[in-house]
Amino acid sequence: MNLDSVREQFEQRAFDYDGLIPRLIPRYREQHDLILQLIPLETNAKIKVLDLGAGTGILSALILQAFPQANVVAFDIANNMLKTCQTNLSAFGKRLTLQQGNFAEDDFGNGYDLVVSGLAIHHLDSEGKQKLFHKLFDSLNPGGILLIRDIVTGATPRLTQQYEQLWRQYMRANGEDDAAWFQNYLKEDIPSSVEDQTKWLAEAGFADAGCHWRYLNFAIFGGLVRS
């Protein structure tokens, strides 16, 4: 991960991120609903949750609302993102803990019942993702769940190209400069295929590693730690 480049970009985007992201990511809010549906825990469960690459706290807020006894660690590389997260989620008080760091290198704790990550892990190369998946497996309690929402490539170069063209059409239809955003994506991001990542999750020890949802080059996938 190019730490300085990624941090700089997200420090700059923090304060308009929530309004911008639905214009860039197809079916963004639909993904939120599915992520909550994929968490097989009782709503009154006392759970410890890690939001990896938490940004402005969108996934953290959903979980804190849906699970009133949950405690969430919001981990992000950008200080401005965490400041916005703290402001957005101030009503949850001590149930939210903020931690700044680079998840490729820094300790993000353990003893989690659930780890979620939204649009963050694609900043790592293949080797970095595999190391992170092992680290995430070790951070989860028996029965723990990992859910990742991320940018991915297609199973073949032709499919990747097709997905990218349709993605650019979506951004353009929302009034965004798709050429500029796509060049930024090529410069910053290192997506991997769903097929590779579910294989790496299984190799790290996760059971039932699989893809739960996909639309173009965006996917929700994950696995669990057997009890």
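Nothing here was measured: the structure is a model prediction, and the numbers come from that model. (Residues numbered from 1 in each chain as written. Predicted model: local features only at pLDDT ≥ 70, side-chain atom pairs only at ≥ 80, totals over all residues. Heavy atoms only, no water.)

## Topic: the pairing of strand β1 (residues 48–52)
Across the five residues of β1, four count as buried, placing the element largely inside the fold. Summarising the sheet, β1 and strand β2 (residues 71–76) pair through five bridges and their orientation is parallel. From the neighbouring strand, L52 faces β2, where its bridge partner is F75. Where the polypeptide runs from β1 across helix α4 (residues 58–66) and back to β2, its parallel neighbour, the crossover connection is right-handed. (Buried < 20%, exposed > 50% of the residue type's maximum accessible area, 1.4 Å probe, protein only. Helix = DSSP H or I, 4+ residues; strand = E, 2+ residues; numbered from the N terminus. Pairing = 2+ DSSP bridges. Right-handed = clockwise from strand over helix to strand, strands pointing away.)

## Some points on unusual backbone geometry
Here R27, not a glycine, exhibits a phi torsion of approximately 55°, which is positive. Classification of R27 as partly exposed rests on a relative accessible area of 43%.

## Description of the sheet that holds strand β5 (residues 140–151)
Taken in spatial order, the seven strands make up an open sheet running β3-β2-β1-β4-β5-β7-β6, and their pairing is mixed. On the outer flanks of this sheet lie β3 (96–100) and β6 (207–215), each paired with one strand and no other. Each adjacent strand pair in this sheet contributes to an overall mean axis angle of 15°, direction not counted. For β1 and strand β4 (residues 112–118), the ladder comprises four bridges, and the chain directions are parallel. Within β4, the residue paired with L52 across the bridge is S117. Contacts from helix α6 (residues 126–139) reach β1, β4 and β5 within the one sheet, and its direction differs from that of β5 by about 145°. Sheet contacts for helix α9 (residues 194–204): β5, β6 and β7 (218–224); angle to β6, the most-contacted strand, approximately 160°. (Axes fitted to C-alpha atoms, helices over the stretch in contact; angles between N-to-C directions. Contact = heavy atoms within 4.5 Å.)

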